[in-house]
Amino acid sequence: MRKITLAIAASLLVGAASPAFAVDEPENMIKYRKAVMSAIGGHTGAIAGVVKGEVSFVGHVEAHARGINEMSKLITQLFPTGTDNGAFKDTRALPAIWQDRAKFDAAAQALQDESAKLIEVAQGGDAGAIGAQLQNVGKACGGCHKPFRAEKK
Ligand code: HEC
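Residues numbered from 1 in each chain as written. Predicted model: local features only at pLDDT ≥ 70, side-chain atom pairs only at ≥ 80, totals over all residues. Heavy atoms only, no water.

**Student:** Would you take a moment to explain the coordination of the iron atom of the ligand for this structure?
**Tutor:** Around a metal, the ideal angle is 109.5 degrees if four donors adopt a tetrahedral arrangement and 90 or 180 degrees if six donors adopt an octahedral arrangement. Taken together, Met37 (SD) and His145 (NE2) make up the full set of protein donors to the iron atom of the ligand, lying 2.0 to 2.4 Å away. The site at the iron atom of the ligand holds six donor atoms, and with the angles between them running 87 to 179°, its shape is octahedral. One end of the pair, Met37, is in helix α2 (residues 26-51); the other, His145, is in helix α6 (residues 127-148), and 108 residues separate them in sequence. Assessed through its relative accessible area of 26%, His145 is described here as partly exposed. (Donors = N, O, S within 2.8 Å, 3.2 Å for Na, K, Ca; no water. Tetrahedral: all angles 85-135°; square planar, octahedral: opposite > 155°, others 65-115°. Helix = DSSP H or I, 4+ residues; strand = E, 2+ residues; numbered from the N terminus. Buried < 20%, exposed > 50% of the residue type's maximum accessible area, 1.4 Å probe, protein only.)

Quick look at the structure:
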């Protein structure tokens, strides 16, 4: 066991010292931000399952809301200049993000605010109230996706 742990630690050190790819390359940034967005989408989908009554885990909603809230704080860091869908094909990020950065950042802030409210509402444990606030969270998703994300090809 100890040997294995040491081996893993050693391989992590080697990995850190000589990365096989450049850190923060646009392709990696795009892959990373899609993973963060997918995490947000996963939590949102999980809450929807509770709201629809498909599962009884009302007590889980707060954790999912916290997940969305924490991830929403990262969004503005994930879109460095030059990673739009004109320059790279593996992304749906529209150039509008960089043309109207203030509006984009405000859309990220809106998700932070609505997900913070969802944490509070979740603590009440009322599925109906959670559903109503989930709708507001959904509006915050759309408030960014509509102007800043390209349609699926
Ligand atoms: C401030 C802007 C913004 C907000 C708010 C936002 N998104 Fe996104 N989202 C984007 C952009 C831009 C993309 C496209 C990223 C890319 O393709 O590089 C995206 C992509 C996605 C994807 C696809 C990921 C993939 O693998 O291609 C999912 C799923 C997603 N968002 C879910 C959500 C959900 C659910 C919410 C709300 C709870 C949300 N997003 C809120 C900007 C936002």
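**Student:** What should I look at first to understand the layout of surface pockets in this one?
**Tutor:** A water-sized probe rolled over the atoms picks out the places where empty space is left. If you add up the space inside the largest pocket, you get close to 460 Å³. Those elements that place two or more of their residues in the lining of the largest pocket are α2 and α6. Among the elements that take part in the lining of the largest pocket, α2 stands out by supplying four residues, more than any other. A breakdown of the residues in the lining of the largest pocket according to their chemical character gives nine nonpolar, four polar and eight charged. (1 Å grid on protein atoms, 1.4 Å probe; cavity = no way out; pocket = protein on both sides within 12 Å on 5 of 7 lines; lining within 4 Å. Points joined across faces, edges and corners; volume = space filled by probe spheres on them. Nonpolar A, V, L, I, M, F, W, Y, C, P; charged D, E, K, R; others polar.)

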